[in-house]
Amino acid sequence: MNETSHHSRAPETRVGGGPPRRLVNATAPIARALAGRRWVPLWALVRHRGRRSGTAYETPIAVVPTSDTSLVMIGLPWGATTNWARNVVAAGGASLRWK
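What you are looking at is a predicted structure, and each value in this text was computed from that prediction instead of being measured. (Residues numbered from 1 in each chain as written. Predicted model: local features only at pLDDT ≥ 70, side-chain atom pairs only at ≥ 80, totals over all residues. Heavy atoms only, no water.)

Caption draft 1: Fine view of helix H1 (residues 21-34). Between its terminal C-alpha atoms H1 stretches 20 Å, which fits the 20 Å expected from 14 residues at 1.5 Å a residue. Taken as a whole, H1 carries its principal kink of about 45 degrees at Thr27; the proline Pro29 stands between one and four residues after it. (Helix = DSSP H or I, 4+ residues; strand = E, 2+ residues; numbered from the N terminus. Expected span 1.5 Å × (residues − 1). Bend = angle between axes of the 7 residues up to and from the residue.)

Caption draft 2: How the structure looks around the side chain of His48. Tracing the backbone through its elements, the reader meets His48 in strand S1 (residues 43-49). On the basis of relative accessible area, His48 is assigned to the buried category, the value being 6%. Within the structure, the side chain of His48 is placed 3.4 Å from the side chain of Asn87, a separation counted as a polar contact. In this structure, His48 is in contact with Thr55, Ala56, Tyr57, Thr59, Trp84, Asn87, Val88 and Ala94, ignoring residues within four places of it in sequence. (Buried < 20%, exposed > 50% of the residue type's maximum accessible area, 1.4 Å probe, protein only. Polar contact = N/O pair within 3.5 Å; in protein donor to acceptor, adjacent residues only side chain to side chain. Contact = heavy atoms within 4.5 Å.)

Caption draft 3: Region of interest: the nonpolar core. Ala44, Val46, Ile61, Val63, Trp84, Ala85 and Val88 form the largest nonpolar core, which has seven residues in total. The biggest single contributor to this core is helix H2 (residues 83-91), with three residues. (Core = buried A, V, L, I, M, F, W, Y, C linked by side-chain atoms within 4.5 Å.)

Caption draft 4: Representation of a nonpolar patch on the surface. On the surface, Ile74, Leu76 and Leu96 cluster together into a nonpolar patch covering about 220 Å² of accessible area. Looking at the element boundaries, Leu96 is found in strand S4 (residues 95-97). Residue Leu96 is classed as partly exposed on the basis of its relative accessible area, which comes to 35%. (Patch = residues over 30% accessible without salt bridge, like charges linked within 9 Å, V, L, I, M, F, W, Y side chains within 5 Å. Areas by Shrake-Rupley, 256 points an atom, 1.4 Å probe, with all protein chains shown as cover. Salt bridge = Lys/Arg side-chain N within 4 Å of Asp/Glu carboxyl O.)

Caption draft 5: The arrangement of the pairing of strand S2 (residues 56-65) in detail. Direction of pairing for S1 relative to S2: antiparallel, over a ladder of seven bridges. Following the sheet pairing, Val46 is matched in S2 by Thr59. In this structure, S2 lies alongside strand S3 (residues 72-74), joined through three bridges in antiparallel fashion. Note that in S3 the partner of Pro65 across the bridge is Val72. Between S2 and S3, which pair antiparallel one after the other, the connecting turn spans six residues. (Pairing = 2+ DSSP bridges.)

The structure is reproduced here in structure tokens:
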């Protein structure tokens, strides 16, 4: 084989950060069913619009309550480059359904 006929494959990388797609697809129905319910205070739904499409989305997220009842902390375990986080920043805000 010469150099031009042999192609090595680069390891697969995820573009843009975020959780593995299979993990999201497997857990999303459960997280969505539990999010925003009074009896599951760890999960909430963030309602946002796609930054390009304008499509309305509801994304289940984990929240941490604070001593100020008007504030919650939202962790970004997959980073600030996840699509929902980028959509919220681009829109200048979103709504939250929690408890």
